[in-house]
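Here are the chains, one letter per residue:
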Amino acid sequence: MKTMFLLLRKNPLAVLGIVILFMWIFAALFGPLLLPYNYSEMDMDHQMSSPGEYNHLLGTDALGRDIFARIIYGSRSILTVALMTSLFSSIAGILIGFTSGYFGGLIDTVFLRIMDIVMAIPPLVLAMVVLGILGDSTIFSLTIIVSIAYTPATARVARGALLSCKGNEYVDAARIRGESHFFIMFVEILPNTIGPVIVEITARFAYSIMMIASLGFLGVGLQPPTPDWGMMVIENKSIIRAASWTVLYPSMAIASLVIAVSLFSDFISKVMIHEK
Amino acid sequence: MIMTLAVMSFLIFLLVEIMPGDAAQTVLGQSATPESLAALRESMGLDDPMPIRYGRWAGAFIHGDLGESLYMRGVQINTVFWRKVGHSVILALTALVFYVPLSLFLGVLAGVRAGKLTDSIISFFGLATMALPEFVSGIILITIFAIKIPLLPITSIIPIGETLWGNLNILVLPALSITLVMFGYVSRMQRSSMITVMNSDYIRAAVLKGMPRGYVIFRHALKNALLPTITIIGMNMGWLFGGLIVVETLFGFPGLGSLTLSAIKTRDVPLLEASVLFITFIFVVSTFITDMMYAFLNPRIRFKGGDV
């Protein structure tokens, strides 16, 4: 903890990332309570009004909906889904990777084959195809599919981390004590692999945000009228010349959030290297 | 690899099968009568059980026949598909021509000046652009180079009756959007491998021998420092095709990405199979070629059989 603060003082960029991330979390939690507009409310008299006009801080889109309100509401879904996917894919990855690496042999071979097949398609293409065919994505289906697309990668990291610890004496000691496999995997080995696992979770968080924004952009993410940052960009792209703010501000929101999370995850990996 | 492709093609059939809606429904729309739906399904061959349809499709596929599109009635996929793939390949190559030299050069520069201001600027820029989804960097580029300074077109549509060759300027902004994203990965890799190599004994020896710094960097260090970067570029080839889907959607570019997306939305199974299998194929093959290249370029691996 102390090293963390010391490192923070040396990394102003990491501080910036953490501050922006917390601002978005605050906006997602309390923002909607403070807003004068709802995300789907149409101000029919002021369509495509520019930022600052008629009490619309960031202007309105072609339907007269407040861009600022839509961005604030949109932060809820993207943060929720990204957080859940990074957790789920990490948990699933640890379970699969640990079981596979710990028992080895046939189980390992079978798991690795399955992972190879899933990893043969780029995650974005996989998620896009499955979500597109499922139709009408919800927060639930989005979370599950993106998690599945990311699980092979996390499983590989977890398997590698386990294999590097498996040969240690304390594992043998636990085995001789007669501990169960479950105990050895999760009580003995897991705490020793926590560094790479935490790095993986935070990195996954950044990837998930990118992926969810891209899926929304491709039109296979959350369905309207739920505001989704990626979707806002594509639905307003046709009016970019007349009302650039309708596209620019949602893009900025995505940019600020992903850059903040990347700076944060970069920092976490530095802390973990330092702790070693 | 064949195994992977076979499993994948079957899963796509299965997935479309168990989900509601099919191509006949998308062709006729929501208001279609049950009779017309049934008739169309029969003419599309959607009546047969799934395994039979899969067998029929796979049999033709092996012989290079991608089948007939379900949504665009009467259109042979072979005629549309390869033209679109060609467009995407040209776009991907343009992006490669942009980002490989740029990121290698800046990566080497950052690595040589590690810890100095040049390095900080390049590294932060790389981290920031790498984090952005392709469509966000695309929007930023559109705003700057198409709206503020009206140099390039906002959309990359090829006018009817014209070819891509007559409209090469539409490639620039999509390729630059990909460049921005890939730049971060490649320059970062190049920077860190450059730092490792510059700290090694043989570089120190070369410098102490009194060789000019530029000579040491380009003749001695770069050769070894390029290896990991080549791996990253190769590994990202398949990923590049994923990114292409996003970029093509943003610019309305008529390539593989937009084709795949429309195939999904119309439940056009043969077209979807062709697109996804092609992307997977590129992904797997590029990983394979990367491994080969790596061994070819690194004599230590070539002679010792991977024992490094």
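Residues numbered from 1 in each chain as written. Chains lettered and ligands numbered in written order. Predicted model: local features only at pLDDT ≥ 70, side-chain atom pairs only at ≥ 80, totals over all residues. Heavy atoms only, no water.

Moving on, we come to the overall build of chain A. Secondary structure assignment for chain A yields eleven helices and zero strands. In chain A, the succession of α and β elements from N to C terminus is α-α-α-α-α-α-α-α-α-α-α. Per-residue burial for chain A yields a buried fraction of 53% across its 276 residues. Partitioning the intrachain contacts of chain A with sequence separation of at least 6 by distance along the chain shows that 72% fall at a separation of at least 24. Element-wise, carbon and sulfur atoms account for 69% of the exposed surface of chain A, whose accessible area totals about 12,300 Å². (Helix = DSSP H or I, 4+ residues; strand = E, 2+ residues; numbered from the N terminus. Buried < 20%, exposed > 50% of the residue type's maximum accessible area, 1.4 Å probe, protein only. Contact = heavy atoms within 4.5 Å. Areas by Shrake-Rupley, 256 points an atom, 1.4 Å probe, with all protein chains shown as cover.)

What follows is about a nonpolar patch on the surface. The grouping of Leu83, Leu87, Phe88, Ile91, Leu95, Phe140, Ile144 and Ile148 of chain A at the surface amounts to a nonpolar patch, some 760 Å² of accessible area in total. Broken down by secondary-structure element, the contributors of at least two residues to the nonpolar patch are helix 3 (67-103) and helix 6 (139-166) of chain A. (Patch = residues over 30% accessible without salt bridge, like charges linked within 9 Å, V, L, I, M, F, W, Y side chains within 5 Å. Salt bridge = Lys/Arg side-chain N within 4 Å of Asp/Glu carboxyl O.)

The next point concerns the interface of chain A and chain B. Contacts between chain A and chain B engage 39 residues on the former and 44 residues on the latter. For the chain A and chain B pair, buried surface summed over both sides reaches about 3,700 Å², with 81% attributable to carbon and sulfur atoms. Ranking the residues of chain A by area buried against chain B places Ile133, Met210 and Lys237 of chain A at the top, with a combined share of 17%. Run the count over chain A and chain B and you get one salt bridge. Between Asp266 of chain A and Arg188 of chain B there is a salt bridge, with its nearest N and O atoms 2.8 Å apart. Between the two partners, chain A and chain B, sit two residue pairs in polar contact (both at pLDDT 80 or more). By residue number, the principal contributor to the side of chain A that touches chain B is helix 11 (residues 245-275) of chain A, which donates eleven residues. Of the residues in the side of chain A that touches chain B, the class split is 29 nonpolar, six polar and four charged. (Buried area = accessible area lost by both parts, 1.4 Å probe. Polar contact = N/O pair within 3.5 Å; in protein donor to acceptor, adjacent residues only side chain to side chain. Nonpolar A, V, L, I, M, F, W, Y, C, P; charged D, E, K, R; others polar.)

All names here are of chain A. What the rule picks out here adds up to eight salt bridges over all chains. Where Glu235 meets Arg70, a salt bridge forms, and the shortest distance between an N and an O atom there is 3.3 Å. Here the residue Glu235 occupies a position in helix 10 (residues 229-236), and Arg70 occupies one in helix 3, the gap between them amounting to 165 residues. Of the residues examined, Glu235 reaches a relative accessible area of 31% and is grouped as partly exposed.

Residues and elements named next belong to chain A. Counted by the stated rule, this structure contains two cavities of 30 Å³ or more. In this structure, the largest cavity spans a volume of roughly 50 Å³. Looking at the lining of the largest cavity, the elements that each hand over two or more residues are helix 3, helix 4 (105-119) and helix 6. Here the lining of the largest cavity is composed, by residue class, of five nonpolar, two polar and two charged. Lining the second largest cavity are Ser90, Ile94, Thr154, Val157, Ala158, Val197 and Glu200. At the level of secondary structure, the elements contributing two or more residues to the lining of the second largest cavity comprise helix 3, helix 6 and helix 9 (194-217). Here the lining of the second largest cavity gets three residues from one element, more than from any other, and that element is helix 6. Among the residues forming the lining of the second largest cavity, the class breakdown is four nonpolar, two polar and one charged. (1 Å grid on protein atoms, 1.4 Å probe; cavity = no way out; pocket = protein on both sides within 12 Å on 5 of 7 lines; lining within 4 Å. Points joined across faces, edges and corners; volume = space filled by probe spheres on them.)

What follows is about the nonpolar core. Leu215, Trp229 and Leu257 of chain A together with Tyr99 and Phe135 of chain B are the most contacted members of the largest nonpolar core, which totals 121 residues. The element contributing the most residues to this core is helix 11 of chain A, with ten residues. For this core, the two domains that each supply at least three residues are domain 1 (2-62) and domain 2 (79-301) of chain B. Setting aside chain neighbours within four positions, we find Tyr99 of chain B in contact with Thr179, Met182, Val186, Ile233 and Leu240 of chain B. (Core = buried A, V, L, I, M, F, W, Y, C linked by side-chain atoms within 4.5 Å. Domains from an automatic or database assignment.)

Now for the confidence of the model for chain A. Taken residue by residue, chain A gives an average pLDDT of 82. The fraction at 70 or more is 89%. Across chain A, the secondary-structure element scoring lowest on mean pLDDT is helix 1 (residues 2-10) of chain A, at 73, and the one scoring highest is helix 3 of chain A, at 87. (pLDDT = per-residue confidence, 0-100.)

The next subject is the packing of aromatic side chains. Residues and elements named next belong to chain A. Inspection of every chain in the model, using the stated rule, returns eleven aromatic pairs over all chains. Between Tyr102 and Phe103 the ring centres are 5.1 Å apart and the planes differ by 85°, which places this aromatic pair in the edge-to-face class. On the basis of relative accessible area, Tyr102 is assigned to the buried category, the value being 6%. Accessibility expressed as a relative area gives 38% for Phe103, which makes it partly exposed. Seen from their ring centres, Tyr150 and Tyr207 are 6.5 Å apart, and the 40° between their planes marks the pair as tilted. Remark: Tyr207 occurs in helix 9 and Tyr150 occurs in helix 6; sequence separation between them is 57 residues. On the basis of relative accessibility, which here comes to 35%, the residue Tyr207 falls in the partly exposed class. When the ring centre of Tyr150 is taken as reference, the NZ or CZ atom of Arg204 above it lies at 4.6 Å. (Phe/Tyr/Trp six-rings, centres within 6.5 Å; stacked < 30°, edge-to-face > 60°. Lys NZ or Arg CZ within 6 Å of the ring centre and 35° of its normal.)

To continue, consider the layout of surface pockets. Which parts of space are left empty comes out when a probe the size of a water molecule is rolled across the atoms. Taken as a whole, the second largest pocket spans an internal volume of roughly 510 Å³. What lines the second largest pocket is a set of 22 residues, among which Val118, Ile121, Leu126 and Val130 of chain A together with Leu11 of chain B lie closest to the centre. Those elements giving two or more residues to the lining of the second largest pocket turn out to be helix 4, helix 5 (123-134) and helix 6 of chain A together with helix 1 (2-18) of chain B. Counting residues per element, the lining of the second largest pocket draws most heavily on helix 1 of chain B, at seven residues. Of the residues assigned to the lining of the second largest pocket, the class counts are 21 nonpolar, one polar and no charged.

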